[in-house]
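Summary of the model geometry
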Amino acid sequence: FINTLTRVHPRVDLQLGLRVSKDTGQGKRVAQSPTELLSSYPLELFVPQAGLTVKLTENIDWNAYWEYYDYREKFLRNQNYTAHNGYLSLRFRF
């Protein structure tokens, strides 16, 4: 993964990130009996992220955050999914 935080203005911070995971699982290993469970399966995960923080006052920040979640299984392929996640928030400091 990689993350970066950049101050684009004295009151504005930009955060960018990327998480990538490619797990090969247990390879081509096959269960020898119905009672043998394999504990990891090959999968890929790709998650770009972006966030923005704006300092509204000395004690209040406005935050906006987004990420795209892309999960892919290579073994069963029945649990692949993607999602856009985002939120807005206010942070109060005392």
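Here is what the cut-offs are and how they apply
- Throughout this description, residue numbers start from 1 for each chain and increase along the sequence as written.
- Local features are withheld for residues below a pLDDT of 70 in this predicted model, meaning they are given only at 70 or higher, and side-chain atom pairs are given and counted only at 80 or more; totals for whole chains, interfaces and linings count all residues.
- Excluding hydrogens and water, the side-chain figures rest on all heavy atoms present in the structure.
- For Phe, Tyr and Trp, rings pair up if their centres lie within 6.5 Å, where Trp contributes its six-membered ring, and each pair is then called stacked (planes under 30 degrees apart), edge-to-face (over 60) or tilted (otherwise).
- To qualify as a helix, a DSSP run of H or I must reach at least 4 residues; to qualify as a strand, a run of E must reach at least 2; elements of each kind are numbered from the N terminus.
- Accessibility here uses a 1.4 Å probe with only protein chains present; expressed as a share of the type maximum, an area under 20% marks a residue as buried, one over 50% as exposed, and anything in between as partly exposed.

Some remarks on the packing of aromatic side chains
In total, this model carries three aromatic pairs according to the counting rule given. Between Tyr69 and Tyr81, the ring centres sit 5.8 Å apart and the planes meet at 15°, which makes this aromatic pair stacked. Here Tyr81 lies in strand β5 (residues 81–92) and Tyr69 lies in strand β4 (residues 60–73), a separation of twelve residues in the sequence. By relative accessible area, which is 42% here, Tyr81 ends up partly exposed. Aromatic rings pair up to connect Tyr69, Tyr71 and Tyr81 into one cluster.

Distances and angles like these do not, on their own, reveal function.
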